[in-house]
Amino acid sequence: MLVFALRRLLQAIPILLGVSLVVFGLVHLAPGNPIDMLMPPEASPEIVAQMKAAYGFDKPLYVQYLLWLMRALHGDFGLSVFNATPVWGQLVTALENTFILAILGAALGFALGIVTGLIAALYHGRWPDKLASAIATAGVSLPHYWCAIVLVLACAVLHDWLPAQGMGDDSLPIWQRLDFLVLPVVTLSLIPMGVIGRLVRATVLDILGQDFVGALSAKGLTRWPVLRHIIKNAAPPVLALMGLQFGYLLGGSILVETVFNWPGSGNLLNLAIFRRDIPVLQATILVLATFFVLLNLLVDIAQAAIDPRIRR
Amino acid sequence: MPDIGLAATTTDTPVLQVDDLTVRFKRRNTDVAAVNGASFALRRGETLTILGESGSGKSVSLKALMGLLPGYAQVHGKIWLDGREILGLPAAELAKLRGGAISMIFQEPMAALDPVYTIGEQIAETIVQHEGVDRRTAMQRALGLLERVKIPSPERRLKNYPHEMSGGMRQRAMIALALACSPSVLLADEPTTALDVTVQIQVLLLLRQLQQELGMAIVFVTHDVGVAAEISDRIAVMYAGRFVESGTTREIMRHPQHPYTQGLLASTVHGAMRGSKLETIPGTPPNLASLPPGCAFAPRCRYTRDACRTGDVPVITSPTGAMVRCVRATETVPA
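Conventions we followed
Here the residue index of a chain counts from 1 through its sequence in written order. Each chain gets a letter, beginning with A, and each ligand a number, beginning with 1, in the order they are written. Restriction of local features to residues with pLDDT of at least 70 applies here, the model being predicted, together with a cutoff of 80 or more for giving and counting side-chain atom pairs; totals for whole chains, interfaces and linings are based on all residues. The basis for every side-chain value is the complete set of heavy atoms in the structure, and neither hydrogens nor water enter the calculation. Strands here mean DSSP runs of E at least two residues long; helices mean DSSP runs of H or I at least four residues long; both are numbered from the N terminus. Three exposure classes are used, based on accessible area relative to the maximum for each residue type with a 1.4 Å probe and protein chains only: buried under 20%, partly exposed in between, and exposed over 50%. Accessibility throughout is a Shrake-Rupley quantity obtained with a 1.4 Å probe, and a residue counts as covered only by protein chains that appear here. Under the convention used here, Asp and Glu are negative, Lys and Arg are positive, and both His and the chain ends fall outside the count. Charged groups are reduced to one reference atom each: NZ for lysine, CZ for arginine, CG for aspartic acid, CD for glutamic acid. Two residues qualify as a contact provided that any one of their heavy atoms is within 4.5 Å of a heavy atom in the partner residue. Accessible area that two parts lose when put together, evaluated with a 1.4 Å probe and summed over both, is termed the buried area. By salt bridge we mean one thing: a side-chain nitrogen of Lys or Arg within 4 Å of a carboxyl oxygen of Asp or Glu. Distance and chemistry together define a polar contact, namely a pair of N or O atoms within 3.5 Å, with one atom able to donate a hydrogen and the other to accept it when in protein, and with adjacent residues in sequence counting only for side-chain atoms on both sides. A patch consists of residues whose relative accessible area exceeds 30% and which take part in no salt bridge; residues with like charges are grouped when within 9 Å of each other, and nonpolar side chains (Val, Leu, Ile, Met, Phe, Trp, Tyr) when within 5 Å. Working definition: a ring pair exists when centres of Phe, Tyr or Trp rings (six-membered ring for Trp) sit within 6.5 Å. Plane angles under 30 degrees give stacked, over 60 give edge-to-face, the rest tilted. Counted as over-ring charges are cases with an Arg CZ or a Lys NZ within 6 Å of the ring centre that also lie within 35 degrees of the ring normal. Being paired, for any two strands, means DSSP has found at least two bridges between them. Between N-to-C directions, angles span 0 to 180 degrees; the directions come from axes that are lines fitted to C-alpha atoms, helices contributing only their stretch in contact. The quantity known as pLDDT measures the predictor's confidence residue by residue, on a range of 0 to 100. Take the buried residues of types Ala, Val, Leu, Ile, Met, Phe, Trp, Tyr and Cys, join any two whose side-chain atoms come within 4.5 Å, and each joined set is a nonpolar core. The handedness criterion is simple: a crossing whose near helix is rotated anticlockwise from the far helix by less than a right angle is left-handed, and one whose near helix is rotated clockwise is right-handed. Classification used: nonpolar for Ala, Val, Leu, Ile, Met, Phe, Trp, Tyr, Cys and Pro, charged for Asp, Glu, Lys and Arg, polar for all others including Gly.

**Describing the overall build of chain A**
(1) Moving on: Helices and strands together make up the secondary structure of chain A, namely 13 helices and 0 strands.
(2) Moving on: Taken along its principal axes, the extent of the C-alpha atoms in chain A is 85 × 55 × 35 Å.
(3) Moving on: When each of the 312 residues of chain A is scored for burial, the buried share is 43%.
(4) Moving on: For chain A, the computed accessible surface area is about 16200 Å², with 71% contributed by carbon and sulfur atoms.
(5) Moving on: For chain A, the centre of its 19 positive side-chain charges and the centre of its 17 negative side-chain charges are spaced 18 Å apart.

**Here we look at the interface of chain A and chain B**
(1) Moving on: Listed by partner, the interface residues are 21 residues for chain A and 21 residues for chain B.
(2) Moving on: Counting the surface lost from both chain A and chain B, the interface buries some 1900 Å², and carbon and sulfur atoms represent 57% of this.
(3) Moving on: On inspection of chain A and its partner chain B, the count reaches 2 salt bridges.
(4) Moving on: On inspection of chain A and its partner chain B, the count reaches 11 residue pairs in polar contact (both at pLDDT 80 or more).
(5) Moving on: Of all the secondary structure elements, the ones that give two or more residues to the side of chain A that touches chain B are α9 (211-218) and α10 (223-250) of chain A.

**So, a nonpolar patch on the surface**
Residues and elements named next belong to chain A.
(1) Moving on: Taken together, Leu142, Tyr145, Trp146, Ile149, Val150 and Leu255 make up a surface patch of nonpolar side chains, about 540 Å² in accessible area.
(2) Moving on: In terms of residues, the nonpolar patch owes the most to one element, helix α7 (residues 144-158), which gives 4 residues.
(3) Moving on: Inspection of the secondary structure puts Ile149 in helix α7.

**So, the packing of aromatic side chains**
(1) Moving on: Enumeration according to the criterion identifies 11 aromatic pairs over all chains in this entry.
(2) Moving on: Pairing Tyr65 of chain A with Trp68 of chain A gives two aromatic rings, centres 6.1 Å apart and planes at 40°, and the pair type is tilted. Of this pair, Tyr65 of chain A and Trp68 of chain A are both found in helix α4 (residues 61-73), 3 residues apart, which corresponds to roughly one turn of the helix. The exposure classification of Tyr65 of chain A matches that of Trp68 of chain A, with both residues buried.
(3) Moving on: Relative to Phe246 of chain A, the ring of Phe99 of chain A lies with its centre 6.3 Å away and its plane at 75°, an arrangement referred to as edge-to-face. Note that Phe99 of chain A is positioned in helix α5 (residues 87-122) and Phe246 of chain A in helix α10, a separation of 147 residues in sequence.
(4) Moving on: On the basis of relative accessibility, which here comes to 37%, the residue Phe99 of chain A falls in the partly exposed class.
(5) Moving on: Within the aromatic cluster, the residues linked to one another by ring pairs are Phe24, Tyr65 and Trp68 of chain A.
(6) Moving on: For Lys232 of chain A, the ring lying beneath its charged end belongs to Tyr117 of chain B, and the centroid distance is 4.3 Å.

**Digging into the pairing of strand β3 (residues 47-51) of chain B**
Residues and elements named next belong to chain B.
(1) Moving on: The buried fraction of β3 amounts to 5 of the 5 residues, a majority that puts the element mostly inside the structure.
(2) Moving on: Residues Thr47, Thr49 and Leu51 line one face of β3 and the alternating positions Leu48 and Ile50 line the opposite face, and both faces are buried.
(3) Moving on: By the bridge criterion, 5 bridges tie β3 to strand β8 (residues 217-222) in an arrangement that is parallel. Residue Thr47 lies in a different strand from β8, and its bridge partner there is Ile218.
(4) Moving on: Bridge count for β3 against strand β9 (residues 234-239) is 4 bridges, and the pairing is parallel. Bridge assignment links Ile50 to a residue of β9, and that residue is Ala236.

**Observations regarding the sheet that holds strand β4 (residues 73-81) of chain B**
All names here are of chain B.
(1) Moving on: Strand order across the open sheet formed by 4 strands is β2-β1-β4-β5, with antiparallel pairing between neighbours. Because the sheet does not close on itself, it has two edges, and the strands there are β2 (30-42) and β5 (84-85).
(2) Moving on: Strand direction decides the pairing type here: strand β1 (residues 16-27) and β4, joined by 8 bridges, are antiparallel. Counted as the bridge partner of Gln17 is Trp80 from β4.
(3) Moving on: Strand contacts of helix α1 (residues 58-66): β1, β2 and β4, with the helix running at about 105° to β1, the strand carrying the most contacts.

**Details of the confidence of the model for chain B**
(1) Moving on: This prediction gives chain B a mean pLDDT of 87; 93% of its residues lie at or above 70.
(2) Moving on: Scored below 50 in pLDDT, residues 1-11 of chain B shows 21 contacts in the model against residues more than four places distant or in partner chains.

**Examining the nonpolar core**
Side chains of a nonpolar character, in soluble globular proteins, are inclined to be buried together.
(1) Moving on: With 82 residues, the main nonpolar core has Leu16, Ile123, Ile175 and Leu187 of chain B as its most contacted residues.
(2) Moving on: At 8 residues, helix α7 (residues 167-179) of chain B tops the list of elements feeding residues into this core.
(3) Moving on: Counting 39 residues, the second largest nonpolar core, distinct from the first, contains Ala102, Val195, Ile196 and Val213 of chain A.

**With respect to the packing of helix α12 (residues 265-274) of chain A against helix α13 (residues 278-306) of chain A**
Residues and elements named next belong to chain A.
(1) Moving on: Packing of α12 against α13 leaves a shortest axis separation of 9 Å and a crossing angle of 145°. Classified by chirality, the crossing of α13 by α12 is left-handed. For the pair α12 and α13, the contacting residues are Ser265, Leu268, Leu269, Ala272 and Ile273 in the first and Val280, Leu281, Thr284, Ile285 and Leu288 in the second.
(2) Moving on: Class assignment for the residues of the contact of α12 with α13 results in 8 nonpolar, 2 polar and no charged.

**Regarding the side chain of Glu257 of chain A**
Residues and elements named next belong to chain A.
(1) Moving on: Among the structural elements, Glu257 can be located in helix α11 (residues 254-259).
(2) Moving on: Buried within the structure, Glu257 lacks any salt-bridge partner; Arg275 is the closest side chain of opposite charge, at an N-O distance of 13 Å.
(3) Moving on: Of note is the side chain of Glu257, whose polar atom sits 2.9 Å from the side chain of Thr98.
(4) Moving on: At a separation of 3.5 Å, a polar atom in the side chain of Glu257 contacts the main-chain amide nitrogen of Gly264.

Structure below.
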């Protein structure tokens, strides 16, 4: 098991290097030069060249890449082209904000998804199954920016139950601003709920059809111990999907963060793209991709810990 | 060997008695009569084999005894286990019996074992469930059971997952699991069908030896005449959910009375004469959703006459206890 974990950890290194290469390459493939964006059209070529040199855009691409990678490994992502503040600071703030939403949205979505999926499978073909499946399908199919707008309309405009947007006054500690979290968290939980709910239903139905479930009853196990076996068998595929879903949530939803005016990583990415702010863009994508890879690494290890057939 | 609580006691009353067991599967448009009045009794240390083709109702009968049939199955009749009526017991009571006084081994041990728990955990779990002992004691008992079913290096195998064992080893582990709480009745649903022939005989010998040591009764279900001859004291031949013939293994093997039994024996390598062609039984088993009146075997029988297709088929019981359900039997069996 330890060997498996170490091997997967080592395998993650080339993946991360590849990711960094793609991130760097893609940004430079895109048209538009950040310096041209910043400079007024009448700026003299000398000044443009000077700016390029200051940001390192004058060097060959591979040198730029290696320099960028070396600094990135030390947590130095340089300065934003747009406002000359350190990229790292902006990134950490945005990620923190998104992280709060992502972890709560994932927790709520996964919990609801697992419960509805289990109910649907255990009452296969009867009304609880149909109800749970309808909820799951709605969760996956409704566009979440639309849900966000409807929620705002219902809870903030028509009634004065919850704040419509923002994070509340910065000076207050987060637990006094919890009401600002409710609407975005509920919105974000819809897709994970639907996706996980459907997978749990399908996986559990598949397991219920296997002989060993009957054999568990044959050895005298009652309902709850049998359910424990079913859950452990269903866990690996569900965990894999949870890893992906949580990864997406960490990337932040540009649409949802826009509706709720939430200063998270989706928002940051959006701004960076429009401002051609290459250092911010690169840093954000690299950090998110790293999270994604590490998250899936953890999922792989958890899966192998649960199902020994995966350790090979 | 550590004491694993498998000491045998012998009595002469039947440990398992089944009276007129019927099972019907009723769903919207279908009504399948899977078992149509099976009766038998078993004493301690006795092995009854239910012999029959696929779909004859053998496995359904076993599942009915365990109370493992789905909700839409209608089970009627009487089942006594150790003198106690068990059909229709509430689920919680039934769960206490399953894996305890009555347990089961399956055709495909790979499918019947949970792939994500070790063999040791799966055996210990049963013991904990039934006897409320702590996990350490249960594991200790599981180790003793693996030794008992002659699994080599049992300490290591205890920590193995099912996929890490060979087919024969898995079936031995399954037997250990079934014997964990010293059942008085062991139901074996084609336990050797999925195994290599050489492993088959080892498992059969092991079952026989364990039965002698522990004195449990075994109901063995198979379609394999050779296996039936090897393991059974008595054989009951099932066709379309009914016993068409039963008797001691010797009676059935040497002097089969029912045309179906004769056909079964003639269609196996064991039964056929050297040099002669293997026979087959023409046709297929009847559709259990619409059984013909009279003898269910009549459409495939070479001796069919008009009396076979109407009314009840006479049941002839010989003084030795052998039974045959056939119109012709009145002529062929000395009454």
